[in-house]
Amino acid sequence: MYISTNEDLTAFCNRARAFSAIAIDTEFLREKTYHAKLCLVQVATPDECVVIDPLAIDDLGPLAELMTDVDTLKVFHACSQDMEVLCHALGSVPAPIFDTQVAAGFLGERAQCSYHNLVSTFCGVSLPKTESLTDWSRRPLTPEQIEYALDDVRYLIKAYDVIMERLDESGRASWVLDEIKPLTDRSHYVVDRRVAFKRVKRVNSLTRRQLAVARELAAWREARAEYSNTPRKWLMSDEVLI
């Protein structure tokens, strides 16, 4: 189901609250802006899968309320970028959450397990990868694009159920929840300009005096980039800053 109106969004969010857990994924672009541009939000409940078009909907308030509903667990896979994008777009951090990538690591899967590998391992389903380089900001979306986007959440609740059963059997469920809980801290998704210099390439090669200058330059670059919504390195590359 493709949701592009305020009315359909409100109705779906009301239906989704009937479930204890829902699956979430996003599609976004960040190459030409400071803040990533949210292009799609995919949500799956045990009853239905939808793609929500934030470029067509005026008021995302119902979605923000669903993302912060304490009675509805939001299940992600590799959530950090999704959380950052949703935090900026909705003005709030989704919570409570569950990250299947983190959980899979506690079950012996390799670190940074991909979503495709997760679905194959825990659901026995092989997913296509045909739309992985899509420009999700272009409209209209094709039926193939919508189906590809839906696949990113279609099997996530089933995988979550299998993972939780195995975590409970192994006595590791509490370990995973403790690992995931800090990811709902807003500070993870808000840039602290005072420490932006630490991400500058070759900053460790500077003297203490140079480092002080780099710190101020990096903070200025961060503020200017956010104000103009321009990639920081378009304003000043790391090489020029150094």
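For the structure itself, consult the block above.
Residues numbered from 1 in each chain as written. Predicted model: local features only at pLDDT ≥ 70, side-chain atom pairs only at ≥ 80, totals over all residues. Heavy atoms only, no water.

Engineer: I'm lost on the pattern of salt bridges in this one. Help?
Structural biologist: Side-chain pairing between opposite charges can occur once the charged atoms of the two side chains come close. Scanning the model with the defined rule gives 14 salt bridges in all. Between Glu-48 and Arg-15 there is a salt bridge; the shortest N-O distance is 2.8 Å. Of this pair, Glu-48 sits in the loop between strand S3 (37-44) and strand S4 (49-52) while Arg-15 sits in helix H1 (residues 6-16), placing them 33 residues apart in sequence. Among the ionic pairs, Arg-30 bridges to Glu-84, the shortest N-O distance being 2.8 Å. Of this pair, Arg-30 sits in the loop between strand S2 (21-29) and S3 while Glu-84 sits in helix H3 (residues 80-90), and the two are 54 residues apart along the sequence. Of the residues examined, Arg-30 reaches a relative accessible area of 28% and is grouped as partly exposed. (Salt bridge = Lys/Arg side-chain N within 4 Å of Asp/Glu carboxyl O. Helix = DSSP H or I, 4+ residues; strand = E, 2+ residues; numbered from the N terminus. Buried < 20%, exposed > 50% of the residue type's maximum accessible area, 1.4 Å probe, protein only.)

Engineer: I tried to follow the pairing of S3 on my own but got confused; where do I start?
Structural biologist: Consecutive side chains along a regular strand alternate between the two faces of the sheet. The buried count for S3 comes to seven of eight residues, which makes it a mostly enclosed element. Where S2 meets S3, seven bridges bridge the pair, whose relative direction is antiparallel. From the neighbouring strand, Ile-24 faces S3, where its bridge partner is Val-43. One ladder, built from four bridges, connects S3 with S4; its direction is antiparallel. (Pairing = 2+ DSSP bridges.)

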